[in-house]
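Summary of the model geometry
Each chain, written out:
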Amino acid sequence: MNTASTTITMSINGREVSGNAEPRTHLADFLREELLLTGTHLGCEQGVCGACTLMVDGRQVRSCLTLAVSCEKAEIETVEGYNRDPLMAEIRDAFKRHHGLQCGYCTPGMLAAVYDLIRRHPEADEDIIRRQLSGNLCRCTGYAGIVEAVKDVLAGNTPEATVTPGPRAFIPITEAKPATGGEESGEVVRLETGSSLSDLPSRAQLSEGIELIRSLDLDVSSDAIWQILKDPQKVVSCIPGASLTSQTDHNLIHGVCKVAVGPMAATFRGSAEVSTNDEALSGNVIGKGKDRLSRSILEGCLDYSVSANDNGGSSIKIKMLYRLSGPLSQFGRPAIVEEIADQLLKQIGVSLVEAATGKTTASNSHNSVGGISILLKSLLNILKKRFDRKL
Amino acid sequence: MKAAAFDFSRASDINELTALKEGEKFVAGNQSLGPMMNLRLVRANRLVDIATLPALRKANEHSNHVEFGAAVTHAEIEDGETPDPANGWMKKAAANIAHRAVRNRGTIGGSLAHADPAADWVIVLTGLDAKVALIGPDGERKVNIEDFITGPYTTVLKENEFIASVEVPKRPTSACWGYWKFMRQVGEFAKASATVLIDQENGFYRCALGALEGPPLVLPRPLDIIEGDLGPKKAVEDALSVRKIASYDMHVAALERALEQAKEGLRL
């Protein structure tokens, strides 16, 4: 995508500075790459580690979660600044004396957080200090030296802070760049023809995974349901957002499953090995799928069995072990995955009954299912056994 | 990682907000959307910045409630820069959302729209019986908070609809409140949370659970729970059987502690 960059003007450490940034450029990258102010460090780029913390208009913010374009006319104070600021001078000195740093990676963010802490909590005790600094991770010091440094500054004659919160800016509207298409959204689908059984996880590898057990009661006889369940093609057609791309020997299936939850959307492509037992009306699937865009991987195994119930219907029992890794796993907490799986199962149940009773399968639907997501994928996998899964 | 490319514009008028095109998203604090965009879990053609829209940056006190504009930040509530509907309870809850650097930019409306089941405002505003005012192409509508969130990261917001404000009922000083959340680490999303509200003057009682798999759960028979006729464990068990949650020990414990906090207030 060709997103025009714009010129942004802001005050950095008391000097007015202009530079170019694309809309997606966050403040930390703008400072480091455009202005070569590399004192601001980037750790996680998702707001967790605190290394990039700095002051915007006198308030500490995560510069990795602050867009540079939203800082037009803002006053930025980075670790390179605080010139002649007596409070920061004292904090730095205390850090030095108390071994408040070792490798120095967290230090720029830690100093900003400490500065703000001292301003807002002049009476802070150790508990408050530790709580207020909980958003800044340090892997060297064990925090003891940092806490001591803060206590030391607070115990003395703490100097006045010269960097203070300004009024929140109301910026006159500027209409930015011309619209461009969504980059990379039209990714070309490549089939993963190279998958082999050896790429699939083993049960032992999944033993530490998360377990999900569900059952689904259907108003269709167990034999009729089994006719569908033993055929991966038919099962996949009952799963919203899923499609098979190919089926090779030894029940190895390749496929795609699209899932969307809230603002997140993922397309899992992968493979699964399906085995079924016609006599026991049971089967299992082991599979693995990857969402290329988010680099997240879903792998799992699914055991399922069909039994007749008392009223002429049937029930499908499902036991799944899954593991989600990569960025998506941060939003795919087990409880959320369960909710998604339940929503998905409901839709799959309806489709299975339709398929078994000869009605048109409602879901030829290769559209992704809102609200289902991570779990879904996993379920899908399970169900289908095959295809990829993902999220 | 870096976000995929997008365009950016700053909304100048609230009327522009109901005319978003495909692939365009609102952004205010960017504290939830930002990580997802940086991880490329979310892509947008354009972000429309609403963080400084005056219409969303209000906090008005009315006779029975306080109206918080959607773009009011957690830190502004924490610092008492907004009117207080309920004995400082919101201030205290705000002060424990994530970390100060996040609170300085994150907004109350953004948190609700994002609808992470484990988020603070999602459970706290449910516990306080808030209403969410939405504006869309067809005008404004108000939705009770318990009807607003429908699933993980999913709300009743329609295309081109946005949160204008959140209305929180005022509570008398005699009312009592408890809010407990379990976190693995300070500032993280909750593993389990619960609120208890005892407003005898208005005859309003509410016990709610948060950080479930989906929306917060408003427990039936709150007065029985508060008066001890219905034990927290039984109450949660009865209510959750519908929701098929495997393990709820932490939620029961969160409810017990929130009850303790609220009853502590009663004795004073």
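Residues numbered from 1 in each chain as written. Chains lettered and ligands numbered in written order. Predicted model: local features only at pLDDT ≥ 70, side-chain atom pairs only at ≥ 80, totals over all residues. Heavy atoms only, no water.

**Brief notes about the overall build of chain A**
Scanning chain A for helices and strands turns up 9 helices and 13 strands. By the burial criterion, 53% of the 391 residues in chain A qualify as buried. Sequence separation of 24 or more characterises 63% of the internal contacts of chain A that already satisfy a separation of 6 or more. When the accessible surface of chain A is summed, it comes to about 16,700 Å², and 48% of that surface belongs to carbon and sulfur atoms. (Helix = DSSP H or I, 4+ residues; strand = E, 2+ residues; numbered from the N terminus. Buried < 20%, exposed > 50% of the residue type's maximum accessible area, 1.4 Å probe, protein only. Contact = heavy atoms within 4.5 Å. Areas by Shrake-Rupley, 256 points an atom, 1.4 Å probe, with all protein chains shown as cover.)

**A word on the overall build of chain B**
Summing up its helical and strand segments, chain B has 10 helices and 14 strands in all. A compact globule built from 268 residues should have a C-alpha radius of gyration of about 18 Å, and chain B, at 18 Å, falls within 12% of that. With the C-alpha coordinates of chain B rotated into their principal frame, the extents come out at 55 × 40 × 35 Å. Residue burial in chain B is summarised as follows: out of 268 residues, 62% are buried. Considering only contacts within chain B whose residues lie at least 6 apart along the sequence, 61% involve residues at least 24 apart. Carbon and sulfur atoms form 48% of the exposed surface of chain B, whose accessible area is close to 10,200 Å². Counting 32 positive and 36 negative side-chain charges, chain B places the averaged centre of each group 5 Å from the other. (Rg over C-alpha atoms; globule rule 2.2 N^0.38 Å. Lys, Arg positive; Asp, Glu negative; His and termini not counted. Charge placed at Lys NZ, Arg CZ, Asp CG, Glu CD.)

**Observations concerning the packing of helix α3 (residues 107–120) of chain A against helix α5 (residues 144–155) of chain A**
Residue and element names in this part refer to chain A. Closest axis-to-axis distance for the α3/α5 pair is 11 Å, and the angle between their directions is 35°. The two elements α3 and α5 meet at a crossing, and its hand is right-handed. Along the contact surface, α3 presents M110, V114, L117 and I118, while α5 presents I146, V150, V153 and L154. Here the contact of α3 with α5 is composed, by residue class, of 8 nonpolar, no polar and no charged. (Axes fitted to C-alpha atoms, helices over the stretch in contact; angles between N-to-C directions. Left-handed = near helix turned anticlockwise from the far one by under 90°. Nonpolar A, V, L, I, M, F, W, Y, C, P; charged D, E, K, R; others polar.)

**Describing the sheet that holds strand β14 (residues 217–218) of chain B**
Residue and element names in this part refer to chain B. Strand order in the open sheet formed by 4 strands is β11-β12-β13-β14, and the pairing between neighbours is antiparallel. Of all strands in the sheet, those bounded by a partner on one side alone are β11 (176–182) and β14. As paired elements, strand β13 (residues 204–210) and β14 share 2 bridges and run antiparallel to each other. Following the sheet pairing, A208 is matched in β14 by V218. (Pairing = 2+ DSSP bridges.)

**Thoughts on the domain arrangement of chain A**
Residue and element names in this part refer to chain A. If you check the domain split of chain A, you get domain 1 (6–77), domain 2 (86–155) and domain 3 (197–385). With centres defined by C-alpha atoms, the gap from domain 1 to domain 2 works out at 22 Å. Contact residues are listed per partner, giving 15 residues for domain 1 and 13 residues for domain 2. Both faces combined, the contact of domain 1 with domain 2 buries some 990 Å², and carbon together with sulfur accounts for 49% of it. Run the count over domain 1 and domain 2 and you get 8 residue pairs in polar contact (both at pLDDT 80 or more). Listing elements by their share of the side of domain 1 that touches domain 2, those giving two or more residues are β3 (53–56) and β4 (59–62). Taken together, the residues of the side of domain 1 that touches domain 2 break down into 6 nonpolar, 7 polar and 2 charged. (Domains from an automatic or database assignment. Buried area = accessible area lost by both parts, 1.4 Å probe. Polar contact = N/O pair within 3.5 Å; in protein donor to acceptor, adjacent residues only side chain to side chain.)

**Some remarks on unusual backbone geometry**
Residue and element names in this part refer to chain A. Residues other than glycine seldom take positive phi values, yet E45 does so here, at roughly 55°. Looking at where E45 falls in the secondary structure, it is placed in the loop between α1 (27–34) and β3. Owing to a relative accessible area of 10%, E45 belongs among the buried residues under this scheme.

**Side note on the pairing of β11 of chain B**
All names here are of chain B. The buried fraction of β11 is high, at 6 of 7 residues. Relative to strand β12 (residues 192–199), β11 is paired through 7 bridges, and the arrangement is antiparallel. Counted as the bridge partner of W180 is A194 from β12.

**Here's the deal with helix α9 (residues 232–240) of chain B**
Owing to its 3.6 residues per turn, the α-helix brings residues three or four apart onto one side. Residues of α9 of chain B that are buried include every one of P232, A235, V236, A239 and L240 of chain B, and no others. Buried residues of α9 of chain B fall within an arc of 115° about the axis and therefore sit on the same side. (Arc of directions from axis to C-beta.)

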